[in-house]
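# Observations on the model geometry
Listed here are the chains, written in short residue letters.
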Amino acid sequence: MSLFAQPKAVYAVAFACVISFMGIGLVDPILPSLRTQLKASPSQVTLLFTSYLVVTAFAMLLTNWVSSRGAKRTLVTGLAIIVVFSALAGTSDSINGIVGFRAGWGLGNALFIADRKSTRLNSSH
């Protein structure tokens, strides 16, 4: 099979990988600006990463089960959650609001990670 002649699911999963991990890469360069513009403490700025990663880690305990019920539905749900919470984080004017919305974004990320694992396991059979 050619590298470019892959099933649509492979492209969907690759796209999900890019979107889900943008949550980490997009925030790092803007941390100094967030700190000064929102008058945030160093610990509040750290929570931008922590809330995202902790929710992702704990949600993984349940999202693998959710994904086993339907990989496509899990992928779409995860994408919708990421879109909603990233938009809310982008419109928030407080550091605490952004921290909370990043936690929701982490839930969407967990759905993507579970979906990728489930898709890989299902395609190997």
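One structure accompanies this document, and this report is about it. (Residues numbered from 1 in each chain as written. Predicted model: local features only at pLDDT ≥ 70, side-chain atom pairs only at ≥ 80, totals over all residues. Heavy atoms only, no water.)

### Topic: the overall build of the chain
- On a plain count of helices and strands, the chain comes out with five helices and zero strands.
- Listing each helix as α and each strand as β along the chain from the N terminus yields α-α-α-α-α.
- For the chain, buried positions account for 36% of its 125 residues.
- In the chain, the share of contacts with a sequence separation of at least 24, taken over all contacts with a separation of at least 6, comes to 77%.
- For the chain, the accessible area works out to roughly 7,600 Å², and carbon and sulfur atoms hold 71% of it. (Helix = DSSP H or I, 4+ residues; strand = E, 2+ residues; numbered from the N terminus. Buried < 20%, exposed > 50% of the residue type's maximum accessible area, 1.4 Å probe, protein only. Contact = heavy atoms within 4.5 Å. Areas by Shrake-Rupley, 256 points an atom, 1.4 Å probe, with all protein chains shown as cover.)

### Section: helix α3 (residues 42-68)
- Taking 1.5 Å as the rise per residue, α3 with 27 residues should run 39 Å; its terminal C-alpha atoms sit 39 Å apart, in good agreement.
- The largest bend in α3 amounts to roughly 50° and is located at M60.
- Of all the residues in α3, the buried ones are V45, L48, F49, S51, Y52, T56, A59, M60, T63 and S67. (Expected span 1.5 Å × (residues − 1). Bend = angle between axes of the 7 residues up to and from the residue.)

### Some points on the side chain of S51
- Checked against the element boundaries, S51 lands in helix α3.
- With a relative accessible area of 11%, S51 lands in the buried category.
- Leave out the neighbours within four places in its chain, and S51 touches V99, R102 and A103.

### Some details on unusual backbone geometry
- Positive phi outside glycine occurs at K39, with the angle close to 50°.
- Turning to its location among the elements, K39 is positioned in the loop between α2 (31-37) and α3.
- K39 sits in the exposed class, given a relative accessible area of 71%.

### Side note on the packing of aromatic side chains
- Inspection of every chain in the model, using the stated rule, returns two aromatic pairs.
- Ring geometry for Y52 against W105: centres 6.3 Å apart, planes inclined by 90°, an arrangement best described as edge-to-face. Here Y52 is found in helix α3, whereas its partner W105 is found in helix α5 (residues 95-123), with 53 residues between them in sequence. Residue Y52 shares its accessibility class with W105, and that shared class is buried.
- Ring centres of F85 and F101 lie 6.3 Å apart, and the angle between their planes is 50°; this geometry places the pair in the tilted category. Within this pair, whereas F85 is found in helix α4 (residues 71-91), its partner F101 is found in helix α5, the two being separated by 16 residues in sequence.
- The partly exposed category is assigned to F85, whose relative accessible area is 26%.
- The exposure class assigned to F101 is partly exposed, which follows from its relative accessible area of 25%. (Phe/Tyr/Trp six-rings, centres within 6.5 Å; stacked < 30°, edge-to-face > 60°.)

### Quick word on the side chain of T56
- Within the fold, T56 resides in helix α3.
- Among the residues examined, T56 registers a relative accessible area of 7% and is labelled buried.
- Discounting chain neighbours no more than four positions away, the residues touching T56 are G106, N109, A110 and I113.

### Notes on the nonpolar core
- Counting residues in hydrophobic clusters, the biggest one holds 11 residues: V27, L31, L34, A40, V45, L48, F49, A89, I95, I98 and V99.
- Elements represented by at least two residues in this core include exactly α2, α3 and α5.
- Setting aside chain neighbours within four positions, we find I98 in contact with L34, L38, L48, A89 and S92.
- Formed by five residues, the second largest nonpolar core is a distinct cluster that contains Y52, L75, I82 and W105. (Core = buried A, V, L, I, M, F, W, Y, C linked by side-chain atoms within 4.5 Å.)

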